[in-house]
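Residues per chain are reported as follows:
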Amino acid sequence: MTIQQLSVFLENKSGRLLEVTKVLAEHDINMSAFSIADSSDFGMLRMIVDKPEAAYTALKNNNFSVNITQVVGLVVPDTAGSLYNALEILKKDNIEVEYMYAFSFKDNATVIIRSANAEQTAAALKTAGFQTMD
Amino acid sequence: MIWNEHIECCSRDAMTQRQSDGLRKMVERLYFNVPFYRKKFQEMDLSPHDIRGIEDLHKLPFTYKQDLRDNYPMGLFAVPQSEIVRLHASSGTTGKQTVVGYTRKDLDMWSEVVARCFSAAGISKKDIVQIAYGYGLFTGGLGLHYGTEKVGASVIPISGGNTHRQLQMMQDLGSTVLACTPSYALYLAESLEKAGITREQTKLRVGIFGAEAWTNEMRKELEYKLGLKAFDIYGLSEIMGPGVACECECQNGLHVNEDHFIPEIIDPLTLEPLPEGQVGELVFTTITKEGLPLLRYRTRDLSALHYDTCSCGRTLVRMEKCKGRTDDMLIIRGVNVFPSQIESVLLNMHETSPHYQLIVDRVNNLDILEVHVEMDEHFFADEIRKIEDLNKRIKHNIENTLGISVGVKLVEPNTIERSEGKAKRIIDNRKK
Ligand SMILES: [Zn+2]
C-alpha cells in the first residue's frame, strides 16, 4: 500500500545534484519521480526509485546524508476533481499532508503524499476507492 | 595500580621538601649553564641564593615559547650537545618550530612518568597498546612508547595515519589500549562503524587521549563508540611531552607528576599566582630535567589545581581537564570563545555529529562567527522544517552558552576535514 521514498540532504552548492544522479546511474538505478525542496542554506532531494535499498547504500557509501521514508503513491484517475476528492477524504480523517509532488507514471498521474502515518493515509484512500502504488 | 607509591602517595611536606631541594639545585644549574637565564637573573637583580624553596617560586622569571624560538635551536639547553641523546621538535602550528633535547636521564624519567600514567589508567603487562600518535619529531609517539615498554605492555608502534591498517592491526592483534589524539580516536571510531566492525568485535578497553583539549562530552562519545574507558593524558614538548599529568580511575582531574614538574596557576593578565581551585594559566617549572630545564614556562593552557588527596590514594596535585589553550581562544566582539564550549553544546544535543568548524570573519568592523556542523545521518529528517528547527536549536543553544549571536550552517557529512593528529577547528579570516 505504501512505497519507499529516498530523501537526500544537499548543501546549496553546485554539482551536488549531479553527484547524486551519477551515483544512481553507476548503480543502474532508475528514478521515476523526484522533487527538490530548498531553504536558503540547504536543499532536500526526494525521489522514488526502482531499487530503494540499493540506492540508499550507494548514496550512503558516497557520503550523502540519506534516509528512507514511507509515502503513499496515489494514482489519480484522469477525471476532473479527483485530487480534490482524495484530499477531502484525508481532511475528513484528520490526516495532515506534510508535502506532496506529482509525476506521470505509464498513462496515469501519480501523486506522492508524505504524511505522519503512511499506512493510515493509504488505508483511508483505499477505503474510499482510490488506487495506491505498491 | 600505583606505579611508584613512594612518590605518588607521599605527604605534602615530603613533596614540598623534595621540590624545594630540586628547585634550588636547578636554579643554580641554570644560572651557571644557561646564559639566557643568567642574564634574566642579573636584569632582575636576583641571585640563585634568593631561591630557598618553592615558597620563592614566584620570584623567578617566566619563560615563553618565544624564548625558545629566539634561542633556536639549542640555545636554552643546559648541557653540552654530547650529553643529548634525543631531539624532538614542536609542530610549529602557531609559528616557527622549536627544538627540545633530552639526556639519557631525561628519557629514563620520561619513561617513569608515562609508566605512572599508564598504571593509573589500569594498563599492565597484559595489555596490547596501539600507539597511533605520530612517531618522529612529535613527542607523542616515542614519548608514550618507552613508558609502555617500561610497564611491560606490548607496544604496536603503528604511528598516526593509515586508518585501514589501524583497524586491521586492532583486530588481528587484539589491541586493548588505543593511544592517540581524541580527534583521531573519533575518526577511527567512525571508520570502524563504516567498516561494519562493532565495538564488541574489538578488544579495546582503555583509551589514552591527549595532545589537544577535549571535553567530558567527547569522553562519553568516545567511550560509547569505542567501548572503552577514556583517559586524558597531558603534556607539552617544552616541558617534556605526554606524561606530565594523567587521569587516574577516579577521573577527577589529572595527577601532575610534580616531583619533576611543579605546576602553578597564574592570572594571565596580572601574572599573579592564583589560589587553589581558581582557573587561570598553567605554568610549569621543571626540577629534574637536564637537557632543557625551564623556569615557569607559560603553557597557555587554562586549568585549576586541587591539592586534596584523591580517592585513588594518590596525593599528587590534580589539574582540571584543560579548558583549552589561550591560543585557541577566539575573541568575538569582546567575548572569549573556546572551541570546547561548542563541542559540549553539540554533544549534549545528541542530534548532530561532533564534527564542527568555526569560521570567523570581520564584516563592517563586526566579528562574525559562523559554526559549521555536520549533519548526522542518524538524526536526519526528511522535512525541511525539522532541519530548520534543528538549525535553530543549535543556534539557540550555542548562543545561550557563548552569550553572543552566531550563524549556524548544517553541512553534508564528511565535508569537514578529518584529522589524524590535532583537529583544525578554527578558520579565522580576520586581519591579524
Ligand atoms: Zn586519583
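As the structure is a prediction and not an experimental result, all values here were calculated from the model. (Residues numbered from 1 in each chain as written. Chains lettered and ligands numbered in written order. Predicted model: local features only at pLDDT ≥ 70, side-chain atom pairs only at ≥ 80, totals over all residues. Heavy atoms only, no water.)

Structural notes on the nonpolar core
Stage number 1. With 68 residues, the main nonpolar core has Phe 118, Ile 208, Tyr 234, Phe 284 and Met 319 of chain B as its most contacted residues.
Stage number 2. Sorting elements by how many residues they give to this core places helix 5 (residues 104-120) of chain B first, with eight residues. (Core = buried A, V, L, I, M, F, W, Y, C linked by side-chain atoms within 4.5 Å. Buried < 20%, exposed > 50% of the residue type's maximum accessible area, 1.4 Å probe, protein only. Helix = DSSP H or I, 4+ residues; strand = E, 2+ residues; numbered from the N terminus.)

Concerning the domain arrangement of chain B
All names here are of chain B.
Stage number 1. Considered domain by domain, chain B is made up of domain 1 (1-327) and domain 2 (330-431).
Stage number 2. Each of domain 1 and domain 2 has a C-alpha centre, and these two points are 30 Å apart.
Stage number 3. Listed by partner, the interface residues are 22 residues for domain 1 and 17 residues for domain 2.
Stage number 4. A buried area of about 1,700 Å², summed over both sides, lies between domain 1 and domain 2, and 53% of it is on carbon and sulfur atoms.
Stage number 5. The closest approach of N and O atoms between Arg 418 and Glu 190, which form a salt bridge, is 3.1 Å.
Stage number 6. Those elements giving two or more residues to the side of domain 1 that touches domain 2 turn out to be helix 8 (182-194), helix 9 (216-226) and strand 15 (324-325).
Stage number 7. Broken down by element, the residue count for the side of domain 1 that touches domain 2 peaks at seven residues, all from helix 8. (Domains from an automatic or database assignment. Contact = heavy atoms within 4.5 Å. Buried area = accessible area lost by both parts, 1.4 Å probe. Salt bridge = Lys/Arg side-chain N within 4 Å of Asp/Glu carboxyl O.)

Re the coordination of the zinc ion
Residue and element names in this part refer to chain B.
Stage number 1. Donor atoms from the polypeptide that bind the zinc ion are Cys 248 (SG), His 255 (NE2), Cys 310 (SG) and Cys 312 (SG), placed at 2.1 to 2.3 Å.
Stage number 2. Coordination at the zinc ion is tetrahedral: its four donor atoms span angles of 104 to 115° at the metal.
Stage number 3. Sequence positions of the donors to the zinc ion reduce to the motif C-x6-H-x54-C-x1-C. Of this pair, Cys 248 sits in the loop between strand 8 (241-247) and strand 9 (254-256) while Cys 312 sits in the loop between strand 13 (305-306) and strand 14 (318-319), placing them 64 residues apart in sequence. Each member of the pair Cys 248 and Cys 312 is classed as buried. (Donors = N, O, S within 2.8 Å, 3.2 Å for Na, K, Ca; no water. Tetrahedral: all angles 85-135°; square planar, octahedral: opposite > 155°, others 65-115°.)

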